[in-house]
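# Understanding the architecture of this molecule
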Amino acid sequence: MRPLIEFCINNLTDDMLKIKKKLDEDYSVDVIEYGCLGYCGNCATHPYALVNGELVQADTAEELLEKIYKAIEEMEISF
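Presented here is a report on the structure given in the accompanying data block. (Residues numbered from 1 in each chain as written. Predicted model: local features only at pLDDT ≥ 70, side-chain atom pairs only at ≥ 80, totals over all residues. Heavy atoms only, no water.)

### Remarks on the nonpolar core
Ile 5, Phe 7, Val 51, Leu 64 and Ile 68 are the most contacted members of the largest nonpolar core, which has 18 residues in total. Taken together, the elements giving at least two residues each to this core come down to β1 (4-8), α1 (14-24), β3 (48-51) and α3 (61-78). Contact partners of Leu 64, with chain neighbours within four places excluded, come to Met 16, Ile 19, Pro 47, Tyr 48, Ala 49, Val 56, Gln 57 and Ala 58. Listed in part, the five residues of the second largest apolar core include Cys 8, Leu 37, Cys 43 and Leu 50. (Core = buried A, V, L, I, M, F, W, Y, C linked by side-chain atoms within 4.5 Å. Buried < 20%, exposed > 50% of the residue type's maximum accessible area, 1.4 Å probe, protein only. Helix = DSSP H or I, 4+ residues; strand = E, 2+ residues; numbered from the N terminus. Contact = heavy atoms within 4.5 Å.)

### Some thoughts on unusual backbone geometry
Of note in the backbone geometry, Asn 52 takes a positive phi value of approximately 50° without being a glycine. Within the fold, Asn 52 resides in the loop between β3 and β4 (54-57).

### A look at the pattern of salt bridges
In this structure the tally under the stated criterion is five salt bridges. Across the salt bridge formed by Glu 33 and Lys 20, the nearest N and O atoms sit 3.4 Å from each other. Residue Glu 33 is located in strand β2 (residues 30-34), and its partner Lys 20 is located in helix α1; the two are separated by 13 residues in the primary sequence. Judged by its relative accessible area of 13%, Lys 20 is buried. (Salt bridge = Lys/Arg side-chain N within 4 Å of Asp/Glu carboxyl O.)

### Focus on the environment of Arg 2
By secondary structure assignment, the location of Arg 2 is in the segment before β1. Arg 2 gets classed as partly exposed once you look at its relative accessible area, which sits at 41%. Remark: the alpha-carbon pair of Arg 2 and Met 75, spanning 73 residues in sequence, is separated by 11 Å. Those residues in contact with Arg 2, other than ones at most four positions away along the chain, are Tyr 27, Ser 28, Val 29, Asp 30 and Asn 52. A polar side-chain atom of Arg 2 sits 3.0 Å from the main-chain carbonyl oxygen of Tyr 27. Within polar-contact distance, the side chain of Arg 2 engages the side chain of Asp 30 at 2.7 Å. (Polar contact = N/O pair within 3.5 Å; in protein donor to acceptor, adjacent residues only side chain to side chain.)

Next comes the structure, spelled out in structure tokens:
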């Protein structure tokens, strides 16, 4: 099963749209965008995504992309 990356549409700034596009083009992951994920406090202050239901956030969109792939790698190791 491929890792699931979930984004809140309210958190999709131009920078976030760029990393979402990169992830959309990566066929090893599934990407979904929702109207709201219920992390409004995080959404208002930082780029974030859910990776297999786990919150991943960063100071920048590029850093978030790195953290997303790191979270996926760590999840694969734990299996």
